[in-house]
Amino acid sequence: ATNGTTTALVFGSHFPGAQEALFEEAERSGLRIASGLVVSDRNLRPELHVDPDGAYAAGRELAERWNGRGRLRYAVTPRFSLSCTEGMLEACGALHGEVGALVTSHMNENLDEVEAVRGLFDGFDDYLHTYEHFGLVGESTVLAHNDHPSEAELARLGAARASVAHCPESNAFLGSGLFPMRDHLDHRVRVALGTDVGAGTGLSL
């Protein structure tokens, strides 16, 4: 707040206790914060995995306590499709539908990730479809990166009035690719700036 940032969508923690602490501090500070428990059930370190029923229960408890409390909002947060089974994304879709929260995740950050997701989700059209199928794409959705979208994905993002958070410092630092800003704008996809702290060199947008 002392640097002029008063509102943020914050990618949360995999651990309910840490997420609770984030909300408590956000409330104390008076900032307008949207955040939520990050959930995954494959392809990460085992201590970061949780089963879909457990993820739903923990997310529901946090959302009931914090969503709409003062300036705070809850954000349903599957880590990304690469680390979520269909069962986990289904649980996230159920929670989103029930509590009316935001949705945030990552999509199309680099070409290896895009190819890996294609291999994990047989019968799905593309990366975006893995979220759409479970009711996770709409006006309250913010997807980070999207450096390598297809024309079809951009058209559907624009039609859904979903948003993309572009993280230029992270993309440059990791060599993920150049963000196709003009393509997003041509498809009326809403774009905001983001800062990927885990893969960047600083906190500043």
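Undergrad: Lay out the overall build of the protein chain in plain terms, naming residues and giving numbers.
TA: A count of helical and extended segments in the protein chain gives eight helices and eight strands. In summary, the protein chain has a C-alpha radius of gyration of 16 Å against a globular reference of 17 Å for 205 residues, a match within 12%. Structurally, the protein chain occupies a C-alpha span of about 40 × 40 × 30 Å along its principal axes. Among the 205 residues that make up the protein chain, the fraction classed as buried is 46%. When contacts within the protein chain are restricted to residue pairs at least 6 apart in sequence, long-range pairs at least 24 apart make up 73% of them. Averaging the coordinates of the 16 positive side-chain charges in the protein chain and doing the same for the 29 negative ones gives two points 9 Å apart.

Undergrad: I'd love a proper account of the nonpolar core, names of residues and values included.
TA: By size, the foremost hydrophobic cluster in this structure holds 41 residues, and its most contacted members are Tyr74, Tyr131 and Leu157. Contributing elements (two or more residues each) for this core: helix H1 (16-29), helix H2 (52-66), strand S4 (73-78), helix H3 (86-99), strand S5 (102-107), helix H4 (111-120), helix H5 (127-132) and helix H6 (151-160). The contacts of Tyr74, once residues within four sequence positions are left out, are Phe23, Ser35, Gly36, Leu37, Gly59, Leu62, Ala63, Asn67, Leu95, Ala101 and Leu102.

Undergrad: Lay out H2 in plain terms, naming residues and giving numbers.
TA: Along its 15 residues, H2 runs 21 Å from first to last C-alpha, staying within 8% of the 21 Å computed at 1.5 Å per residue. Turning to H2, its buried residues are Ala55, Ala58, Gly59, Leu62, Ala63 and Trp66. Burial along H2 is one-sided: seen end-on, the buried residues are contained in an arc of 130°. In H2, the exposed positions angled more than 90 degrees off the buried face are occupied by Asp53 and Glu64. Against H1, strand S3 (38-39), S4 and H3 lie the buried residues of H2. Where H2 begins, the side chain of Asp51 points an oxygen toward the backbone nitrogen of Asp53, at a separation of 3.1 Å. Two residues or fewer past H2, Gly68 is found with a positive phi of approximately 85°.

Undergrad: I'd like a rundown of the pairing of strand S7 (residues 163-166), residues and numbers included.
TA: Burial along S7 is two-sided: the face carrying Ser163 and Ala165 and the face carrying Val164 and His166 are both buried. Sheet topology places strand S6 (residues 141-145) next to S7; three bridges connect them, and they run parallel. In the strand pairing of S7, Leu143 is matched with Val164. Handedness of the crossover joining S6 and S7 through H6: right-handed.

Undergrad: Can you tell me about the side chain of His184, naming the residues and giving the values?
TA: Note that His184 resides in helix H8 (residues 181-186). Other than its neighbours up to four places away in sequence, His184 contacts Asn146, Pro149, Leu154, Val164, Phe179, Val189 and Val191.

Undergrad: Help me get a handle on the environment of Ala18, residues and values and all.
TA: Mapped onto the elements, Ala18 comes out in helix H1. Look at Ala18 and you get partly exposed, because its relative accessible area is 37%. For the pair Ala18 and Asn110, spaced 92 residues apart in the sequence, the C-alpha separation amounts to 29 Å.

Definitions and limits used
- Residues numbered from 1 in each chain as written.
- Predicted model: local features only at pLDDT ≥ 70, side-chain atom pairs only at ≥ 80, totals over all residues.
- Heavy atoms only, no water.
- Helix = DSSP H or I, 4+ residues; strand = E, 2+ residues; numbered from the N terminus.
- Rg over C-alpha atoms; globule rule 2.2 N^0.38 Å.
- Buried < 20%, exposed > 50% of the residue type's maximum accessible area, 1.4 Å probe, protein only.
- Contact = heavy atoms within 4.5 Å.
- Lys, Arg positive; Asp, Glu negative; His and termini not counted.
- Charge placed at Lys NZ, Arg CZ, Asp CG, Glu CD.
- Core = buried A, V, L, I, M, F, W, Y, C linked by side-chain atoms within 4.5 Å.
- Expected span 1.5 Å × (residues − 1).
- Arc of directions from axis to C-beta.
- Polar contact = N/O pair within 3.5 Å; in protein donor to acceptor, adjacent residues only side chain to side chain.
- Pairing = 2+ DSSP bridges.
- Right-handed = clockwise from strand over helix to strand, strands pointing away.

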